[in-house]
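Residues per chain, in single letters:
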Amino acid sequence: MAKKKGSFEVWAFKAGDVKKYGTITQNMKIDASIVLYHNTQEIVEKTIHSFLDTSLDVKLHLIDNSKTDALKVLADCDDRIEYVFNGKNIGFGAAHNIALRKSLKDGVAYHLVLNPDVYFEKEVLDELLKYMEKNQDVANVMPQIYYEDGTIQHQCRMLPTPFELFARRFLPFQSIVKKINKKVELHSFGYDKEFNIPFLHGSFMFLRVCALKEVGLFDENLFLYMEDLDLNRRLYTKYRTMFYPYVNIVHIHAKDSRKRKKELLLHISSTIKYFNKWGWFFDKQREEKNKELFDRIKNL
């Protein structure tokens, strides 16, 4: 049963909940969710195929925040797809939470939060499942991520300060921005080894569902952007959240907040709410976690 803690949910199951929610014992099923918002159908089809092209027991939730249900046709190709039409944009985290609650209810072992613009080979899910089964203290794992041209996307991050986020977006001095980017994106650890990272990008989050019962789901106050940082940070305080470079995916990665004014304003709004929640200039946990992170990097 879900209990509110701040602005996200923590699930506390009791024996009596079995009748209401079904069997709580985890199974080896992998659920995934993709949030849709007026996407290009052909790109999403490639993502869907990547996830469903497996012999594993999987189910895909398409959560549609579009104004029309034109993308409902995407669910017609496979009976392992469940389509939910919200009729309005309820936000990225809130939409994924619809599917995550179903995974919690069904006792699913793992849930993949998946962007609609990624694709990968079938061995990726097999390898990540094996990794999570061998490493029970890992709550989230992210593979190597490439752009379409084959270059690495540096999607492993430290816990950012307000200045670093502001500078990366608005500072006109590119030499300084480049230096900040290399620090925030942790270029120094090489992206060639397993590493415990406090902020893994939300385009591909392979989550251990039982960990979500403890730390909660996406914070629905963060309408768009920062919700992946917030969730992974909560997981990182109690578990390992791992970068695993031995399998890879491709992420088209449009960076909408840099191209459209509306998305930029949403990004700014979520950033303000994130720092209001965790602390702007006085965030002891951020300082401690980042120090520990860079100490580990120095000792490689």
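Residues numbered from 1 in each chain as written. Predicted model: local features only at pLDDT ≥ 70, side-chain atom pairs only at ≥ 80, totals over all residues. Heavy atoms only, no water.

## Re the overall build of the chain
Formally: Helix and strand labels come from DSSP, where a helix needs a run of H or I of at least four residues and a strand needs a run of E of at least two; each type is numbered from the N terminus. Relative accessibility under 20% of the residue-type maximum defines a buried residue, over 50% an exposed one, and the middle range a partly exposed one, all with a 1.4 Å probe and only protein chains included. We call two residues in contact whenever any of their non-hydrogen atoms come within 4.5 Å of each other. The protein chains shown are the only cover counted for residues, whose accessible areas, like all others here, come from Shrake-Rupley with a 1.4 Å probe.
When you go through the chain residue by residue, the secondary structure sums to 10 helices and 13 strands. Going through the 300 residues of the chain one by one, you find that 53% of them count as buried. Considering only intrachain contacts with a sequence separation of at least 6, the fraction spanning at least 24 residues in the chain is 75%. As displayed, the chain offers around 14200 Å² of accessible surface, 54% of which is attributable to carbon and sulfur atoms.

## What about the nonpolar core?
Formally: By convention a nonpolar core is built from buried Ala, Val, Leu, Ile, Met, Phe, Trp, Tyr and Cys residues, the set being connected through side-chain atoms within 4.5 Å.
Residues Phe51, Leu62 and Phe206 are the most contacted members of the largest nonpolar core, which totals 53 residues. Sort the elements by how many residues they give to this core and helix H4 (residues 123-134) lands first, with six residues. Each residue touching Phe51, except ones within four places of it in the same chain, is listed here: Ile30, Asp31, Ala32, Val58, Lys59, Leu60, Leu112, Leu114, Phe120 and Leu125. Counting residues in each nonpolar core, the second largest holds 22 residues, with Phe92, Ile98, Ala99 and Val209 among its members.

## Examining the pattern of salt bridges
Definition in use: Throughout this description, the term salt bridge denotes a Lys or Arg side-chain nitrogen within 4 Å of a carboxyl oxygen of Asp or Glu.
The tally for this structure, following the rule as stated, stands at 16 salt bridges. Note that Asp78 and Arg80 form a salt bridge whose closest N and O atoms lie 2.9 Å from each other. According to the relative accessible area criterion, Asp78 is buried, its value standing at 19%. Its salt-bridge partner being Lys193, residue Asp192 comes within 2.5 Å of it at the nearest N-O pair. A relative accessible area of 47% means that Asp192 is categorised as partly exposed.

## Focus on the packing of aromatic side chains
What counts, and what does not: Between 30 and 60 degrees the pair is tilted, below 30 it is stacked and above 60 it is edge-to-face, where a pair is any two Phe, Tyr or Trp rings, Trp via its six-membered ring, whose centres lie within 6.5 Å.
If you walk through the whole model with that rule in mind, you get 13 aromatic pairs. A connected cluster of aromatic rings, assembled from ring pairs, spans Phe189, Tyr191, Phe195 and Phe243.

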